[in-house]
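Observations on the model geometry
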Protein chains: 2
Amino acid sequence: MIKIIERKAQDATASLQRSIETGTKEQRQAVWDIIEQVKANGDRALFQLTHQFDGVQLDTLNVSEEEIQEAYKFVDEETVETFKQAITNIVQFHEKQKRESWMYSNPNGTKLGMKLRPLQRVGLYVPGGTAALLSSVLMTAIPAQVAGVQQLVLTTPPSKTGKVAPTVLVAADLLGIREIYSVGGAQAIAALAYGTETIKGVDKIVGPGNIYVALAKREVFGTVDIDMIAGPSEIVVLADEQQNPAYIAADLLSQAEHDVLASAICVTTSKELAQDVQAELVKQVQKLPRREIALKALEQHGAIYVTETLEEALDIVNQLAPEHLELMVEEPFELLDSIHHAGAVFLGEYSSEPVGDYFAGPNHVLPTNGSARFSSPLNVDDFMKKSSIIAYSKQDLMENADKIMRIARFEELEGHAQAIQIRLEQSSKD
Amino acid sequence: MIKIIERKAQDATASLQRSIETGTKEQRQAVWDIIEQVKANGDRALFQLTHQFDGVQLDTLNVSEEEIQEAYKFVDEETVETFKQAITNIVQFHEKQKRESWMYSNPNGTKLGMKLRPLQRVGLYVPGGTAALLSSVLMTAIPAQVAGVQQLVLTTPPSKTGKVAPTVLVAADLLGIREIYSVGGAQAIAALAYGTETIKGVDKIVGPGNIYVALAKREVFGTVDIDMIAGPSEIVVLADEQQNPAYIAADLLSQAEHDVLASAICVTTSKELAQDVQAELVKQVQKLPRREIALKALEQHGAIYVTETLEEALDIVNQLAPEHLELMVEEPFELLDSIHHAGAVFLGEYSSEPVGDYFAGPNHVLPTNGSARFSSPLNVDDFMKKSSIIAYSKQDLMENADKIMRIARFEELEGHAQAIQIRLEQSSKD
């Protein structure tokens with residue numbers, strides 16, 4: 001069961017942090033080979049690799065309209081309605097992230113600014129296998145759609161019967177995504193990056209996947225953009241002594257049940273609360289169908305830290321830079337400025353983490369494994385690009401020519417200086 | 001000399017696009033080995049590798065205050081003043097990029113939002129060797145400083161005498177950067193990513209470098225964030241028949257002189273202008289100290305495209321997705337919406353590209369090699385991270401509990417449903 005650890009902030013993360021997956025030498029070589037095959041042989045390589053890895057010989061990569069309509073058999077009507085409500089909430093939240101182009105003028109008539117535009121074509125990778133795919137499609141596709149991305153392409157691996165997961169198709173259909181390909185793994189990433197006869201290359205690839213998908217994304221990064229490489233899920237609950245241990249335990253379990261590598265951590269100043277949470281975990285875990293997974297996760301990557309002061313507790317939180325952080329304290333908003341790194345912060349006892357997973361509106365694609373130090377929840381900015389706008393006036397060029405040429409010549413780039421010089425000479429004749 | 005090509009947009013890029021540098025197998029292996037050495041041996045590895053690659057045995061990695069003050073001998077006072085003016089302009093432009101955290105409430109009392117914060121610690125890599133480093137330091141450091149990054153660390157390789165480039169030190173000093181280490185190459189990137197005894201690890205690494213630096217950045221991506229992998233410089237000038245061919249030629253040369261791999265392209269609907277630009281290039285290139293480089297670049301990666309229509313010309317521009325785009329046309333602002341991809345757009349005949357390189361304010365670190373399709377000029381957002389804020393109200397939890405549980409159970413995550421269920425049961429007792 002989960003351990004209780006009484007200590008100060010030092011080394012809090014050492015035992016818990018998992019290293020970034022960079023794969024074995026063999027995995028990296030395999031991914032490189034797959035990419036080379038797809039670059040060289042296009043569709044033919046995709047069919048071959050799908051046969052090899054997914055065990056099915058396809059005769060088309062396209063998912064048909066019929067297959068999409070059939071998928072609705074697997075999702076009852078009330079669930080579809082609930083997902084539609086979730087879509088409304090997610091769209092509403094992401095609409096607030098939209099930003100406008102801007103420009104300003106100076107007294108000399110120069111205009112400077114930035115123009116923002118959506119990416120043109122984005123590929124959504126959706127892994128096969130698990131049930132939790134529908135909300136995953138919503139969370140990756142909606143920010144792109146809100147950004148204004150016109151071409152959103154989805155790829156997902158076929159099962160042995162040649163069909164793709166119906167939940168994925170329902171999600172795609174609810175969002176109006178029509179371009180869907182039945183291909184998975186590193187070969188799908190290569191196809192999205194470099195294009196094949198059937199699949200036109202994209203500008204950015206987003207979505208989770210196994211180690212081969214992650215390595216392939218890392219490999220094509222630069223040719224196209226990618227989102228972050230996602231690691232196992234994490235929750236940290238920072239709790240004071242007034243909190244309900246049953247809520248805390250339930251929230252810890254909601255992450256622990258994801259994956260044996262998931263990490264569920266409580267940090268508190270109350271020894272008593274720590275013991276109560278531990279007891280609740282023992283009790284509640286028994287009710288879960290996925291208790292084996294949850295137990296293993298709690299044992300391996302779980303902990304309850306008891307600190308003497310709130311400052312020490314906050315220090316541990318900031319060291320962990322958690323994907324999900326719950327502030328289960330009397331005045332959670334007062335602590336917000338002390339949190340330096342967190343993917344999503346849940347404030348107060350009713351902000352249970354699963355609220356954010358599906359329904360409230362914010363994105364559930366969040367930085368894991370300490371990467372909240374430098375990255376952000378998936379958001380609309382991730383699907384937009386900027387261009388600088390420079391409209392320099394004649395007056396500004398004349399006034400500043402000497403300075404610009406001075407810097408150019410200091411940097412030993414005479415051609416740069418000449419581009420200014422020639423305007424000085426020729427425009428004075430105007 | 002540069003070729004004139006009369007054709008439609010099809011395949012315009014095929015002959016010009018250079019592939020993204022992914023290095024040879026040997027280079028990748030070398031970089032991997034260097035990173036492993038630094039991870040295993042820390043400072044000791046840095047001293048060894050600096051001896052091996054830079055040919056100097058250092059006894060400290062720290063650059064002293066004395067060395068910084070001495071650096072001013074190499075930059076005359078008027079140049080320092082000009083750089084100070086450039087800093088003012090760059091800061092002013094980047095201040096406009098700053099964004100605020102936001103939050104909204106719904107009628108049920110739920111609060112949702114995003115909190116924006118600067119990254120805590122950023123590493124700036126500055127390569128050795130060329131003169132054009134001072135403005136490069138300004139352009140990479142200022143967006144970080146405007147974002148509010150508190151710890152900005154600079155690493156740059158020592159020369160054989162053990163000193164680092166004085167221009168880099170002057171730039172750092174003008175910006176108040178005090179933490180400077182004398183180490184370069186893949187070993188510097190490894191040190192910044194993983195930390196050593198002397199160099200504390202950072203959250204993000206930015207700045208240009210050779211193939212080893214680029215490969216190392218790609219390798220540590222995920223452990224830390226990185227900026228884009230930069231390629232050779234590019235300019236595309238879109239010109240109508242009214243334009244001054246001398247200006248166009250001068251601007252093409254200002255990019256061509258950078259590097260034999262640089263690409264300088266003019267796209268025009270006027271055959272006559274094309275010929276005039278070609279003639280101007282022949283004339284002007286002779287005046288340049290770096291004419292050998294410029295000529296080779298023009299021959300290998302230069303072209304003047306003559307199209308029949310403006311639409312075809314715009315198509316070529318969008319296919320190229322250039323780093324720098326000059327709109328040398330009568331009404332440049334009218335074309336802006338037709339430009340889908342460009343790092344920086346220079347409008348009108350006085351917006352010569354070097355204006356943007358040093359002085360106007362916008363950043364000169366721009367997406368190269370077609371990556372303007374999906375990436376942006378270096379900007380303040382690159383040094384900030386976001387956290388989602390979710391403060392769900394009791395009323396919203398009660399009203400939406402069924403829906404949240406329905407989705408959780410549909411995704412076969414009973415623990416997620418239980419975290420909601422337990423609040424329903426226990427809070428109704430309140």
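Residues numbered from 1 in each chain as written. Chains lettered and ligands numbered in written order. Predicted model: local features only at pLDDT ≥ 70, side-chain atom pairs only at ≥ 80, totals over all residues. Heavy atoms only, no water.

Within an unreviewed UniProt entry, the label attached to chain A reads Histidinol dehydrogenase, and the organism entered is Caldalkalibacillus horti. Quoted straight from UniProt, the Catalytic activity (unreviewed entry) entry for chain A says "L-histidinol + 2 NAD(+) + H2O = L-histidine + 2 NADH + 3 H(+)". (UniProt positions renumbered as here; feature names shortened; annotations may be inferred.)

Further remarks concern the interface of chain B and chain A. Listed per partner, the contact involves 130 residues of chain B and 130 residues of chain A. Buried surface at the junction of chain B and chain A, summed over both partners, amounts to about 11600 Å²; 61% is from carbon and sulfur atoms. A salt bridge links Asp251(A) to Arg423(B), with the nearest nitrogen and oxygen atoms 2.7 Å apart. Residues belonging to the side of chain B that touches chain A are distributed by class as follows: 61 nonpolar, 35 polar and 34 charged. In this structure, strand E13 (residues 344-347) of chain A lies alongside strand E14 (residues 384-391) of chain B, joined through 3 bridges in parallel fashion. In the sheet register, Phe346(A) faces E14(B), and the bridge partner there is Ile390(B). (Contact = heavy atoms within 4.5 Å. Buried area = accessible area lost by both parts, 1.4 Å probe. Salt bridge = Lys/Arg side-chain N within 4 Å of Asp/Glu carboxyl O. Nonpolar A, V, L, I, M, F, W, Y, C, P; charged D, E, K, R; others polar. Pairing = 2+ DSSP bridges. Helix = DSSP H or I, 4+ residues; strand = E, 2+ residues; numbered from the N terminus.)

The subject of this paragraph is the nonpolar core. Within the largest apolar cluster, 132 residues are counted, with the highest numbers of intra-cluster contacts made by Leu138(A), Leu154(A), Ile177(A), Leu138(B), Leu154(B) and Ile177(B). Ignoring sequence-local partners within four residues, the contact set of Leu154(B) consists of Leu124(B), Val126(B), Val137(B), Val168(B), Ala172(B), Ile177(B), Glu179(B), Ile180(B) and Tyr181(B). Formed by 64 residues, the second largest nonpolar core is a distinct cluster that contains Ile35(A), Ala186(A), Leu46(B) and Ala191(B). (Core = buried A, V, L, I, M, F, W, Y, C linked by side-chain atoms within 4.5 Å. Buried < 20%, exposed > 50% of the residue type's maximum accessible area, 1.4 Å probe, protein only.)

Under the fitted operation, chain B is carried onto chain A by 0.0 Å of movement along the axis and a turn of 180°, and the coordinates agree to an RMSD of 0.0 Å. Such values leave the two copies arranged in the relation of a two-fold axis. Closest to the rotation axis within chain B is the C-alpha of Arg218(B), separated from it by 3.9 Å. A high fraction, 100%, of the interface residues of chain B reappear at the interface in chain A, so the copies pair face to face through one surface. (Least-squares fit on C-alpha atoms with pLDDT ≥ 70 in both.)

Before going further, it helps to examine unusual backbone geometry. Of note in the backbone geometry, Glu412(A) takes a positive phi value of approximately 60° without being a glycine. Mapped onto the elements, Glu412(A) comes out in the loop between helix H15 (394-410) and helix H16 (414-427).

Right, let's get into the pattern of salt bridges. Counted according to the given criterion, the structure contains 34 salt bridges over all chains. A salt bridge links Arg406(B) to Asp76(A); its shortest N-O distance comes to 3.4 Å. One end of the pair, Arg406(B), is in helix H15 (residues 394-410); the other, Asp76(A), is in the loop between helix H3 (65-71) and helix H4 (77-95), on a second chain. The class of Asp76(A) is partly exposed, set by a relative accessible area of 39%. Note that Lys115(A) and Asp337(B) form a salt bridge whose closest N and O atoms lie 2.7 Å from each other.

On to the UniProt feature "binding site: substrate" (unreviewed entry) in chain A. Taking the UniProt record as the reference, the feature "binding site: substrate" (unreviewed entry) is found at Ser233(A), Gln255(A), His258(A), His324(A), Asp357(A), Glu411(A) and His416(A). In summary, the annotated positions, distributed over 184 residues, remain apart in three dimensions as well, the widest C-alpha pair reaching 57.0 Å. With respect to the helices and strands, Gln255(A) occurs in helix H9 (residues 245-256). In this structure, His258(A) sits in the loop between H9 and strand E10 (263-268). Overall, the relative accessible area of 30% leaves His258(A) in the partly exposed class. Dropping the residues within four chain positions of it, His258(A) is found in contact with Ser233(A), Arg290(A), Ile293(A), Asp357(A), Leu413(B) and His416(B).

To continue, consider the sheet that holds E10(A). Sheet architecture is open: 9 strands sit in the order E1(A)-E11(A)-E10(A)-E9(A)-E12(A)-E13(A)-E14(B)-E3(B)-E2(B), paired in mixed fashion. Bordering the open sheet on either side are strand E1 (4-6) of chain A together with strand E2 (102-105) of chain B, each of which pairs with just one other strand. On average, each strand axis in the sheet is inclined to that of its neighbour by 20°, with strand direction left out of account. Summarising the sheet, E2(B) and strand E3 (residues 111-118) of chain B pair through 4 bridges and their orientation is antiparallel. (Axes fitted to C-alpha atoms, helices over the stretch in contact; angles between N-to-C directions.)

Attention shifts here to the domain arrangement of chain A. All names here are of chain A. Here chain A is described as being made up of domain 1 (4-17 + 232-360), domain 2 (25-226) and domain 3 (393-427). The straight-line distance from the C-alpha centre of domain 2 to that of domain 3 is 47 Å. Every contact between the two is made by 4 residues of domain 2 and, on the other side, 4 residues of domain 3. Buried area between domain 2 and domain 3, summed over both chains or domains, comes out near 320 Å², and the portion from carbon and sulfur atoms is 20%. Broken down by class, the residue content of the side of domain 2 that touches domain 3 amounts to no nonpolar, 4 polar and no charged. (Domains from an automatic or database assignment.)

Once that is clear, we can look at the environment of His364(A). Residues and elements named next belong to chain A. Inspection of the secondary structure puts His 364 in the loop between helix H14 (353-358) and strand E14 (384-391). Between the alpha carbons of His 364 and Met 139 there is a distance of 6.5 Å; along the sequence they are 225 residues apart. Not counting residues within four places of it along the chain, the set of residues in contact with His 364 comprises Ser 135, Ser 136, Met 139, Glu 323, Gly 356 and Asp 357. Here Asp 357 takes part through its backbone oxygen, which lies 2.9 Å from a polar atom of the side chain of His 364. (Polar contact = N/O pair within 3.5 Å; in protein donor to acceptor, adjacent residues only side chain to side chain.)

Before going further, it helps to spend a moment on the side chain of Gln243(A). Residue and element names in this part refer to chain A. Along the chain, Gln 243 turns up in the loop between strand E9 (234-239) and H9. Side chain to side chain, Gln 243 and Asp 240 meet in a polar contact 3.1 Å long. Setting aside residues up to four positions removed in sequence, Gln 243 forms contacts with Ile 248, Leu 273, Met 328, Val 329, Glu 330 and Glu 349.

To continue, consider the side chain of Asn108(B). Residues and elements named next belong to chain B. Within the secondary structure layout, Asn 108 lies in the loop between E2 and E3. A distance of 2.7 Å separates a polar atom in the side chain of Asn 108 from a polar atom in the side chain of Asp 396. Polar side-chain contacts of Asn 108 include one of 3.1 Å to the side chain of Glu 399. Setting aside chain neighbours within four positions, we find Asn 108 in contact with Ser 393, Gln 395, Asp 396 and Glu 399.

Moving on to the environment of Glu425(B). Relative to the elements of secondary structure, Glu425(B) occurs in helix H16 (residues 414-427). Note: C-alpha distance between Glu425(B) and Ser64(B) (361 residues apart in sequence) is 65 Å.

Quick look at the packing of aromatic side chains now. Per the counting criterion, the structure on display carries 9 aromatic pairs over all chains. On the basis of an interplanar angle of 75° and a centroid distance of 5.7 Å, the ring pair of Phe83(A) and Phe410(B) is categorised as edge-to-face. Of this pair, Phe83(A) sits in helix H4 while Phe410(B) sits in helix H15, on two different chains. For the pair Phe83(A) and Phe410(B), a shared accessibility class is recorded, and that class is buried. Ring plane angle 40° and centroid distance 6.5 Å describe the contact between Tyr104(A) and Phe93(B), whose orientation is recorded as tilted. Taken together, the residues span two chains, with Tyr104(A) in strand E2 (residues 102-105) and Phe93(B) in helix H4 (residues 77-95). The exposure class of Phe93(B) is buried, given its relative accessible area of 0%. Taken together, the ring pairs connect Phe93(A), Trp102(B) and Tyr104(B) into an aromatic cluster. Residue placement shows Lys96(A) over the ring face of Tyr104(B); its charged tip is 4.1 Å from the ring centre. In this structure, Arg28(B) packs its charged tip against the face of Trp32(A), placed 3.9 Å from the ring centre. (Phe/Tyr/Trp six-rings, centres within 6.5 Å; stacked < 30°, edge-to-face > 60°. Lys NZ or Arg CZ within 6 Å of the ring centre and 35° of its normal.)

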